[in-house]
Amino acid sequence: MADDPTLQTAPAHEPVNEYEREPVPEKAQLGFKSFIGQYAGEHCAGTELMIGPLFVTCGVSAFDLIVGLIVGNLLAVLSWRYLTAPIATRVRLTLYCQLEKICGRQLVTAYNLANGVMFCFLAGAMVTVSATAIGVWFDFPMPQLDDIYPNSIGWVLAVLVVGGLISVVAAYGYSFVARIANLAAPWMVLVFLAFGIVGLRQIGVESLADFWPKAKEVIWTGGPPMAGKVKFTFWHVMFFAWFCNLAMHIGMSDLSVFRFAKKPWQAYATASGMYVGHFMAWVSASILYAVQLRNDPTNDAVLPGPLAYGACGIAGLLCVIIAGWTTANPTIYRAGLAFQALSPRSSRFKVTLITGAIATMAGMFPAIAMKLLDFVALYGLVLMPMGAVIFVDFWLMKRLGLQDNYAERTGIRFNWAAGAAWIATLVICLSLVTSGKPYFQIYFVSLPGWFVAAGLFIGISAIVQKGIHQQAGFRLGAQVASWVALAVVVVPGLMFLSGNTSLERVKALMMVATVVWFIATPLWMERKV
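Please read all numbers here as calculations on a predicted model, not as lab measurements.

Quick look at the overall build of the chain
Then, in step 1: If you tally the helices and strands in the chain, you get 22 helices and zero strands.
Then, in step 2: Relative to the 2.2 N^0.38 estimate, which gives 24 Å for 529 residues, the radius of gyration of the chain is 24 Å and therefore close to what a compact globule would have.
Then, in step 3: With the C-alpha coordinates of the chain rotated into their principal frame, the extents come out at 75 × 70 × 45 Å.
Then, in step 4: For the chain, with 529 residues in total, the buried portion stands at 57%.
Then, in step 5: A fraction of 84% describes how many contacts in the chain between residues 6 or more apart in sequence connect residues 24 or more apart.
Then, in step 6: Carbon together with sulfur atoms contributes 68% to the accessible area of the chain, which is approximately 20,600 Å² in total.
Then, in step 7: Between the mean site of the 34 positive side-chain charges and the mean site of the 26 negative ones, the chain shows a separation of 10 Å.

Printed below as a string of structure tokens:
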């Protein structure tokens, strides 16, 4: 990779300088093809063989899946291009350094912990996927669709081996990750394409004209979902395709990646991952699962190893293993950056190895991989509000007459405006999700949640920076709101106990009270916020 100067200057046996605490210099910036390889490799991954079948289990129709994926993936690419990359190529700092300037050290510590843990679990799912391929070779018992815990010694050993190798690669840094991805991506893409081609023949497609009838009748029938699954429509597919990487683009985690880009337009490289991985690979995986169900309707296990082996033999198994590597590598790399930011003097190399060990332990428990649709939506939701904070701080604060990078400018260690926006948005969104309403499913709440977080951050920042919160009348009002909120946390439960209200109303009132408490209380509890 001649366009990667870090590979030319660093010894091959040592980790390169990753510029964790400083802007990436011009000499270390990467070319367009580095990002094509990285995103194609990361998103054409073993987990696609988990996600594709899950669409089938959710009873999606052929039209809803195909059109939903086209639109949703386009929105994801545009989010990287117009939200993430412009900030990344101007500031050239990691997500964590940028947040520290805005939020203060203490708040970023909490965020980094949450971010690192979520990335560890996600990487663990990638390790799980690769281990299913080893299970086919050594024929040990593997987890089924509803399993939570490891079910054999062979499974545990397979996860340990795969996770250890992935961790070492990730510890050598982004440039080494990009080298592995560029090497493997072309081969993996063609193997995934072969999965779909072989699967189509197995369900009776002999010409292009046969595809759409078979797609509607055999693969994506639009029938009822399997037990315990949500019925998917066009909107479910579109929002899932858009937001399955919500933490990366709208949540701004990929500031840490695109700080190496020379120009914002290089973010169009993400299309290599979206349309190769999150379109072609998902479609191919769905086809393989439909073949499995057609051959044995009682076999609803979603195991990438056996699915790949049934279509392409040993080459399929190798693809699953390597695809898991190329996805877990950048995920562990991101998690390592998050944890390393908790202790800046610590070696990122050692921190990433420890992070990989955590991800490996998580990979032993298959529940995350088996519930991957919901987990991906959840981790994006958890990290999304801080993406809104970064966007507003960079583009809007000065235009609104407010200070950007407020924590850095004032020396505070906890920016209550950012903290309240994060916590309140999560409380609101998760409360809506748990309400059980079909239009408040976890796939839908992140978009309005982004605007809620942005609005809260602007409003509370204005109150704090203009000194409104120091005025006696305002502080009294905030105190009253806080005490009323505490009362509302308890009173609805007593009313429900006496039979004077419904459980749904209790939940709604407690959600509102919780939001009010976390917004109002910081405005009077401490004078310096």
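Considerations on unusual backbone geometry
Then, in step 1: Of note, Arg92 is a non-glycine position whose phi angle comes to about 60°, a positive value.
Then, in step 2: Topologically, Arg92 is positioned in the loop between helix H4 (62–91) and helix H5 (95–103).
Then, in step 3: Arg92 sits in the buried class, given a relative accessible area of 10%.
Then, in step 4: In this structure, Met252 takes a positive phi of about 70° despite not being glycine.
Then, in step 5: In this fold, Met252 is placed in the loop between helix H10 (234–243) and helix H11 (255–258).
Then, in step 6: Its relative accessible area of 1% is what places Met252 among the buried residues.

Observations concerning the pattern of salt bridges
Then, in step 1: Scanning the model with the defined rule gives five salt bridges in all.
Then, in step 2: With a shortest N-O distance of 3.3 Å, Glu206 and Arg201 are connected by a salt bridge.
Then, in step 3: With relative accessibility at 62%, the residue Glu206 sits in the exposed group.
Then, in step 4: With relative accessibility at 51%, the residue Arg201 sits in the exposed group.
Then, in step 5: What you see here is one network of salt bridges that share partners, running through Lys398, Asp404 and Arg409.

So, the side chain of Thr501
Then, in step 1: With respect to the helices and strands, the residue Thr501 is situated in the loop between helix H20 (472–497) and helix H21 (503–520).
Then, in step 2: Among all residues touching Thr501, those that are not within four sequence positions of it are Pro492, Met495, Phe496 and Val506.

Comments concerning a nonpolar patch on the surface
Then, in step 1: A contiguous nonpolar surface patch, about 630 Å² in accessible area, is contributed by Phe32, Ile36, Leu74, Leu78, Tyr82, Trp265 and Tyr268.
Then, in step 2: Of all the elements in the fold, those that place two or more residues in the nonpolar patch are helix H2 (32–43) and H4.
Then, in step 3: Ranked by residues supplied to the nonpolar patch, first place goes to H4 with three residues.
Then, in step 4: Looking at where Tyr268 falls in the secondary structure, it is placed in the loop between H11 and helix H12 (271–295).

Some remarks on the packing of aromatic side chains
Then, in step 1: On inspection of all chains with the given rule, the structure shows 29 aromatic pairs.
Then, in step 2: On the basis of an interplanar angle of 35° and a centroid distance of 6.5 Å, the ring pair of Trp235 and Phe239 is categorised as tilted. With Trp235 and Phe239 both in helix H10 and four residues apart, this pair spans about one turn of that helix.
Then, in step 3: Sitting over the face of the ring of Tyr82, Arg81 holds its NZ or CZ atom 4.5 Å from the ring centroid.

Thoughts on the nonpolar core
Then, in step 1: Ranked by internal contacts, the top residues of the largest apolar core, which has 176 residues, are Phe55, Trp220 and Tyr379.
Then, in step 2: Tallying contributions element by element places helix H16 (residues 372–395) first for this core, with 16 residues.
Then, in step 3: Look past the residues within four positions of Trp220 in its chain and what remains in contact with it is Val56, Val60, Ser61, Ala62, Leu65, Ile66, Phe211, Ala215, Val283, Ser286 and Ile287.

Section: the state of the cysteines
Then, in step 1: Applying the stated criterion to the full structure yields zero disulfides.
Then, in step 2: Unpaired in terms of disulfides, Cys319 finds its nearest cysteine sulfur in Cys44, a separation of 6.5 Å.
Then, in step 3: On the basis of relative accessibility, which here comes to 0%, the residue Cys319 falls in the buried class.
Then, in step 4: Here Cys429 is not cross-linked by a disulfide; its sulfur's nearest cysteine counterpart is in Cys103, at 17 Å.
Then, in step 5: On the basis of relative accessible area, Cys429 is assigned to the buried category, the value being 2%.

Looking at helix H19 (residues 446–465)
Then, in step 1: Here H19 contains 20 residues, and its C-alpha end-to-end distance of 28 Å stays within 8% of the 28 Å for a straight helix at 1.5 Å per residue.
Then, in step 2: Among the residues of H19, Ser446, Gly449, Trp450, Ala453, Ala454, Leu456, Phe457, Ile460, Ser461, Ile463 and Val464 are the ones counted as buried.
Then, in step 3: Within two residues after H19, Gly467 carries a phi angle of roughly 75°, on the positive side.

What about the environment of Arg92?
Then, in step 1: Linking Arg92 and Leu353, residues 261 residues apart in sequence, is a C-alpha distance of 25 Å.
Then, in step 2: Not counting the four nearest positions on each side in its chain, Arg92 is found in contact with Glu22, Pro23, Val24, Gln29, Ile87, Phe258, Arg259, Phe260, Ala261 and Lys262.
Then, in step 3: A polar side-chain atom of Arg92 sits 3.4 Å from the main-chain carbonyl oxygen of Thr89.

A short note on the packing of H16 against H19
The packing of two helices is summarised by the inter-axis angle and the distance between the axes.
Then, in step 1: At a minimum axis separation of 8 Å, H16 and H19 run at an interaxial angle of 45°. It follows from the interaxial angle that H16 and H19 lie oblique. The crossing of H16 and H19 is right-handed. On H19, the residues touching Leu381, Met384, Pro385, Gly387, Ala388, Val389, Phe391, Val392 and Asp393 of H16 are Ser446, Gly449, Trp450, Ala453, Ala454, Phe457 and Ile458.
Then, in step 2: Residues belonging to the contact of H16 with H19 are distributed by class as follows: 12 nonpolar, three polar and one charged.

Section: the confidence of the model for the chain
Then, in step 1: Looking at the chain, the pLDDT average stands at 88 and 94% of residues meet or exceed 70.
Then, in step 2: Mean pLDDT in the chain bottoms out at helix H1 (residues 5–9), which sits at 36, and peaks at H4, which reaches 98.

Definitions and cut-offs
- Residues numbered from 1 in each chain as written.
- Predicted model: local features only at pLDDT ≥ 70, side-chain atom pairs only at ≥ 80, totals over all residues.
- Heavy atoms only, no water.
- Helix = DSSP H or I, 4+ residues; strand = E, 2+ residues; numbered from the N terminus.
- Rg over C-alpha atoms; globule rule 2.2 N^0.38 Å.
- Buried < 20%, exposed > 50% of the residue type's maximum accessible area, 1.4 Å probe, protein only.
- Contact = heavy atoms within 4.5 Å.
- Areas by Shrake-Rupley, 256 points an atom, 1.4 Å probe, with all protein chains shown as cover.
- Lys, Arg positive; Asp, Glu negative; His and termini not counted.
- Charge placed at Lys NZ, Arg CZ, Asp CG, Glu CD.
- Salt bridge = Lys/Arg side-chain N within 4 Å of Asp/Glu carboxyl O.
- Patch = residues over 30% accessible without salt bridge, like charges linked within 9 Å, V, L, I, M, F, W, Y side chains within 5 Å.
- Phe/Tyr/Trp six-rings, centres within 6.5 Å; stacked < 30°, edge-to-face > 60°.
- Lys NZ or Arg CZ within 6 Å of the ring centre and 35° of its normal.
- Core = buried A, V, L, I, M, F, W, Y, C linked by side-chain atoms within 4.5 Å.
- Disulfide = S-S within 2.5 Å.
- Expected span 1.5 Å × (residues − 1).
- Polar contact = N/O pair within 3.5 Å; in protein donor to acceptor, adjacent residues only side chain to side chain.
- Axes fitted to C-alpha atoms, helices over the stretch in contact; angles between N-to-C directions.
- Parallel < 35°, antiparallel > 145°, perpendicular 65-115°, else oblique.
- Left-handed = near helix turned anticlockwise from the far one by under 90°.
- Nonpolar A, V, L, I, M, F, W, Y, C, P; charged D, E, K, R; others polar.
- pLDDT = per-residue confidence, 0-100.

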